[in-house]
Amino acid sequence: METNLKLEYIDDIFDETISKIKLELSGKIVWVSIDETTDIGGRFVANIIIVGVLEADYPGKQYLVHSEQLEKTNYSTICRVFDKSIGIIGIQHENVLLFRYLATGESFRSLSFAFRISHSYISTIVKDTLSTLKKHLMPIFLPDLSTIDLNKKASEFWTKWNFPNCVLAIDGKHVRIRCPEKTGSLFFNYKDYFSIVMLAMVDANYKFIAIDVGSFGREGDSGIFLKSAMGQKILDGSFGFPEKKQLPGSDKVLPHVIVGDEAFRLHPNIMKPYTRQSARHDKSKAVFNYRLSRARRVTENAFGLLSQIFRVFYQSINIDPMTCDDLIVVACCLHNLLREGYLEENGQAFFEERKSSTTLQINNLIPITRGGGFTNAEGFLVRDSFKDFFNNEGSVSWQEDK
């Protein structure tokens, strides 16, 4: 028998609470957490929680919007509960549709059946929503480099990856797309498919610090870096590197650097590995290559995590190139949001090493071509100094085994 409390008050309290949540979230961009668990009776339960508001000056606040018992948990049941939850608080389907597209990479035809919206109109929704998100998210999650504390970034690289005076790692990837109309071979790359190039700088915690998106797939690696804003700042000395610093436990004073692979030119502030041939005949150079690669792989990990969460990167992206540029930028911003949430919640700087043999799939994010173009004479001296440091006072016990 139902109590008077349930009959007379619960519905009113619920409606009043939902109204307050709607008012609180009105006009704001929010992100949602789906918590699937089992209760004490072994029943499946899904909880939909509004866990954050994407505004820099707005304090974070969590709301439990909906909780529902499920007979089983799979993609379909979770999507059904999610759709019901956003309807309760009046979130627009445009945002949900976009996030579902990013997370799954479903075709617009498939999404049109799920949301009962014309597939042609979905392309407009995706374009407009990506443009709006880019405008609001970039100042928060990809701020200007002048606001970044590079001394802190250098400390993190030394603590976590044993590379001193390293502020960031740089790498580029080809993002696979469908051939745009009337573009000829502009987007056709050396791997024999069409792509847009993404150049990114990543910190020790797998967060994207600066990105350059939109170069044609056919362009060479050196040309992409040289014409990018980040490349020009490094080469003309306006990047904002901290002052030269003494290496830990050593009397060597060296500049702060960015680490990259063979695709980038050697420079006093950009370190690249020695050639494989020279490292094969010189153990000290092989040790340097190992230590540099150990620090540089944060970029590979970041790209792997990006494509693992946003599976739209698992296939050719069939949208306008300008919209695809916005998609990549928004995905990087959301990746940084998730990384910050993970670090705050777990109090640690990187994911635990996977115990299973499963590896992150990044088949659709292909490295840019090798060969770094012209080098800088002073860059050779800086690299040799790092090599000497890694083989003497800066050595670690395990590097000889690699």
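What you see is a predicted model, and the numbers here were worked out from it, not measured in a lab.

Asker: Explain the overall build of the protein chain to me, please; I cannot follow it from the model alone.
Answerer: From N to C terminus, the protein chain includes 12 helices and 11 strands. Out of the 402 residues belonging to the protein chain, those deemed buried represent 48%. Counted over contacts in the protein chain with a minimum sequence separation of 6, partners at least 24 positions apart contribute 64%. When the accessible surface of the protein chain is summed, it comes to about 20800 Å², and 51% of that surface belongs to carbon and sulfur atoms.

Asker: What is the right way to look at the nonpolar core in this model?
Answerer: One recurring pattern in soluble globular proteins is that nonpolar side chains are buried together. Counting residues in hydrophobic clusters, the biggest one holds 68 residues, and the most contacted among them are Phe208, Phe313, Ile317 and Phe386. Examining the composition of this core, we find that 10 residues originate from one element, helix H11 (residues 321-346), more than from any other. Of all hydrophobic cores here, the second largest spans 22 residues; its members include Leu145, Leu150, Ile258 and Phe264.

Asker: For this particular structure, what's the right way to read helix H12 (residues 377-390)?
Answerer: Note: α-helices contain 3.6 residues per turn, so residues at a spacing of three or four share the same orientation. For H12, which comprises 14 residues, the first-to-last C-alpha distance of 21 Å matches the rise-based estimate of 20 Å (1.5 Å per residue) to within 8%. Buried residues of H12: Gly379, Val382, Arg383, Ser385, Phe386, Lys387, Phe389 and Phe390, and no others. On its buried side, H12 packs onto helix H6 (150-161), strand S8 (253-254), strand S9 (257-259), strand S10 (270-271) and helix H10 (283-309).

Asker: Explain the side chain of serine 284 to me, please; I cannot follow it from the model alone.
Answerer: Position of serine 284 relative to the elements: it lies in helix H10. Of the residues examined, serine 284 reaches a relative accessible area of 19% and is grouped as buried. With residues near it in sequence (within four places) discarded, serine 284 still touches Lys387 and Asn391.

Asker: Is there a simple way to think about the side chain of lysine 387 in this case?
Answerer: Within the element layout of this structure, lysine 387 appears in helix H12. Within the buried set, lysine 387 has no salt-bridge partner at all; the shortest N-O distance to an opposite charge, 4.2 Å, is to aspartate 388. Aside from chain neighbours lying at most four places away, what touches lysine 387 is Tyr274, Ser284, Lys285 and Phe288.

Asker: Can you help me understand the pattern of salt bridges in this one?
Answerer: Applying the stated rule across the entire model yields 10 salt bridges. A salt bridge links arginine 296 to aspartate 171, with the shortest nitrogen-to-oxygen separation between them at 3.6 Å. With a gap of 125 residues between them, arginine 296 in helix H10 and aspartate 171 in strand S4 (residues 166-176) connect regions that are remote in the sequence. The same class applies to arginine 296 and to aspartate 171, which are both buried. Its salt-bridge partner being glutamate 393, residue lysine 252 comes within 3.7 Å of it at the nearest N-O pair. Residue lysine 252 is found in the loop between strand S7 (245-246) and S8, and its partner glutamate 393 is found in the segment after H12; the two are separated by 141 residues along the sequence. Residue lysine 252 is classed as partly exposed on the basis of its relative accessible area, which comes to 21%. The exposure class of glutamate 393 is partly exposed, given its relative accessible area of 37%.

Asker: What exactly am I supposed to notice about the packing of H10 against H12 here?
Answerer: Packed helix pairs are characterised by how far apart their axes lie and by the angle those axes make with each other. Two elements in contact, H10 and H12, have axes whose closest approach is 9 Å; the angle formed by their N-to-C orientations is 95°. By the criterion of interaxial angle, the relationship of H10 to H12 is roughly perpendicular. From H10, Ser284, Lys285, Val287, Phe288 and Arg291 reach across to H12, where they touch Arg383, Phe386, Lys387 and Phe390. Split into classes, the residues belonging to the contact of H10 with H12 amount to 4 nonpolar, 1 polar and 4 charged.

Asker: Whenever I open this one, the confidence of the model for the protein chain confuses me. Can you help?
Answerer: Residues shown with low pLDDT carry predicted positions that ought not to be read at fine detail. Taken as a whole, the protein chain shows an average pLDDT of 81; of its residues, 79% reach a score of 70 or greater. Residue range residues 349-360 is modelled with pLDDT below 50. Its contacts to residues more than four positions away, or to other chains, number 20 contacts.

Asker: It is not clear to me how helix H5 (residues 119-141) should be interpreted in this structure. Could you clarify?
Answerer: Between its first and last C-alpha, H5 extends 31 Å over 23 residues, near the 33 Å set by a 1.5 Å rise per residue. Bending of H5 peaks at approximately 30° at the position of lysine 135, with proline proline 139 no more than four residues after it. For H5, the set of buried residues is Ile122, Ile125, Val126, Thr129, Leu130, Leu133, Leu137 and Phe141.

Asker: Looking at this model, I keep getting lost on unusual backbone geometry. Mind explaining?
Answerer: Note: most residues except glycine have negative phi, and most peptide bonds are trans. Here the phi dihedral of asparagine 165 falls at roughly 60°; this positive angle occurs in a residue that is not glycine. Topologically, asparagine 165 is positioned in the loop between H6 and S4. With a relative accessible area of 5%, asparagine 165 lands in the buried category. The backbone of aspartate 192 shows a phi angle near 70°, a positive value even though the residue is not glycine.

Cut-offs used in this document
- Residues numbered from 1 in each chain as written.
- Predicted model: local features only at pLDDT ≥ 70, side-chain atom pairs only at ≥ 80, totals over all residues.
- Heavy atoms only, no water.
- Helix = DSSP H or I, 4+ residues; strand = E, 2+ residues; numbered from the N terminus.
- Buried < 20%, exposed > 50% of the residue type's maximum accessible area, 1.4 Å probe, protein only.
- Contact = heavy atoms within 4.5 Å.
- Areas by Shrake-Rupley, 256 points an atom, 1.4 Å probe, with all protein chains shown as cover.
- Core = buried A, V, L, I, M, F, W, Y, C linked by side-chain atoms within 4.5 Å.
- Expected span 1.5 Å × (residues − 1).
- Lys, Arg positive; Asp, Glu negative; His and termini not counted.
- Salt bridge = Lys/Arg side-chain N within 4 Å of Asp/Glu carboxyl O.
- Axes fitted to C-alpha atoms, helices over the stretch in contact; angles between N-to-C directions.
- Parallel < 35°, antiparallel > 145°, perpendicular 65-115°, else oblique.
- Nonpolar A, V, L, I, M, F, W, Y, C, P; charged D, E, K, R; others polar.
- pLDDT = per-residue confidence, 0-100.
- Bend = angle between axes of the 7 residues up to and from the residue.

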